[in-house]
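Results of the structural survey
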Amino acid sequence: MRQHVNPLSQFFQLPLSLPSKNILFEKSHYPIHLDIGSAKGEFLIELATKYPDWNFVGLEIREPLVSLCEKKRRKLELNNLKFLFCNVNVSLDEWLSDLDCGQLKRVSIQFPDPWFKRKHFKRRVLQTNILNSIAKAMSKDGEIFIQSDIFKLIEYMTNTIDENRYFTRKNVGDLRTIDKNPYDVKTDREIFSLKKNLLIYRVMYIRNSLLFTH
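Presented here is an overview of the structure given in this document. Just so it is clear, the structure is predicted and the values come from calculations on it, not from any experiment. (Residues numbered from 1 in each chain as written. Predicted model: local features only at pLDDT ≥ 70, side-chain atom pairs only at ≥ 80, totals over all residues. Heavy atoms only, no water.)

1. With respect to the side chain of Thr158
The test is simple: Put simply, DSSP H or I for four residues or longer makes a helix, DSSP E for two residues or longer makes a strand, and each gets a number counted from the N terminus. Each residue is assigned to one of three classes by its accessible area relative to the maximum for its type, calculated with a 1.4 Å probe on protein chains only: buried under 20%, partly exposed between the two thresholds, exposed over 50%. In what follows, residue pairs with any heavy atoms lying within 4.5 Å of each other are defined as contacts.
By the element assignment, Thr158 lies in helix H6 (residues 151-164). The buried category is assigned to Thr158, whose relative accessible area is 7%. The contact partners of Thr158, leaving out residues within four places of it in the chain, are Ile146, Arg169, Val203 and Tyr205.

2. Observations regarding the sheet that holds strand E5 (residues 138-148)
Our working definition: At least two bridges found by DSSP between two strands is the condition for calling them paired. Interaxial angle, 0 to 180 degrees, is taken between N-to-C directions of lines fitted to C-alpha atoms, where a helix line uses only the stretch in contact.
The strand order across the open sheet built from seven strands is E3-E2-E1-E4-E5-E7-E6, with neighbouring strands paired in mixed fashion. Across the chains shown, the open sheet's two edge strands, defined by having one partner strand only, are strand E3 (81-85) and strand E6 (167-169). Averaged over all neighbouring strand pairs, the angle between strand axes comes to 20°, with direction disregarded. With respect to the sheet, helix H3 (residues 63-76) is in contact with strand E2 (55-60) and E3, its orientation differing from that of E3 by roughly 165°.

3. Re the pattern of salt bridges
The criterion, for reference: The term salt bridge refers to a pairing of a side-chain nitrogen on Lys or Arg with a carboxyl oxygen on Asp or Glu at a separation within 4 Å.
Within the structure shown, the criterion is met by 13 salt bridges. A salt bridge links Lys72 to Glu42, with the shortest nitrogen-to-oxygen separation between them at 2.7 Å. In this pair, Lys72 is assigned in helix H3 and Glu42 in helix H2 (residues 42-50), connecting sequence segments 30 residues apart. For the salt bridge of Arg189 with Asp149, the shortest nitrogen-to-oxygen distance reads 2.8 Å. Taken as a pair, Arg189 in helix H7 (residues 188-195) and Asp149 in the loop between E5 and H6 lie far apart in primary sequence, 40 residues in all. Overall, Arg189 belongs to the partly exposed group, its relative accessible area being 36%. Note on Asp149: relative accessible area 15%, which makes it buried. Each member of the salt-bridge network shares a partner with another, and the members are Glu70, Arg73 and Arg74.

4. Here we look at the packing of aromatic side chains
Between two aromatic rings, the relevant description is the distance of the centres plus the angle of the planes. Formally: Whether two aromatic rings pair depends on their centres lying within 6.5 Å, for rings of Phe, Tyr and Trp, where Trp uses its six-membered ring; planes under 30 degrees apart make the pair stacked, over 60 edge-to-face, and the rest tilted. Whether a charge sits over a ring depends on NZ of Lys or CZ of Arg being within 6 Å of the ring centre and within 35 degrees of the ring normal.
In the structure shown here, the tally under the stated rule is five aromatic pairs. Here Tyr166 and Phe212 contribute two aromatic rings whose centre-to-centre distance is 5.3 Å and whose plane-to-plane angle is 40°, an arrangement assigned as tilted. Highlighted residues: Tyr166 in the loop between H6 and E6 and Phe212 in the segment after strand E7 (201-207), separated in sequence by 46 residues. Of the residues examined, Phe212 reaches a relative accessible area of 23% and is grouped as partly exposed. An aromatic cluster of three or more residues is present, and its members are Phe43, Phe145 and Tyr183. Directly above the aromatic system of Trp54 lies the positively charged group of Arg106, at a separation of 4.2 Å from the ring centroid. One Lys or Arg, Arg207, reaches over the ring of Phe167 and ends 5.9 Å from the middle of that ring.

Below, the structure written as structure tokens:
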């Protein structure tokens, strides 16, 4: 399994028409938690098992991982969970526009590919256009949760969200980061990082009341 794919390559720039929520879910009115870069899917599988009155969508650019996750999901008969293959910066906006007003409640972006070289920053998953799509679809008090064990990456992500204006960082006391995953479920990478005693940077943002004007 390739660890990285270039999202700017021609193949990944082709827009995909993702199935609507009514096709994906039997109970399509449930609130939605969107996990961008769902990898092996264990995070969402555990959440979907614990919270049957939510719908969960995992988006992943590595198609073989999506097939693997869907196989696990079907075996567990989790009808409130779906994994989809796409490049979110190309295909997400259209799918979000199909949701009911305020239905998107949570977005998580956890340990995304760092793309360390400055000339590759445009390959990073968190870009202004995706934040605008989320802001347009999400009602006040919706959540964006981000985490990484790479400080330079979390710095880039927080700067990008701060500049967007539609999301306000949730401070915990005097701290600008939080010390644990708020959903009490760890990703594979999170477990690996904790075992290696790596410092994990976690930040929660809340959708503010600023109306989307683009």
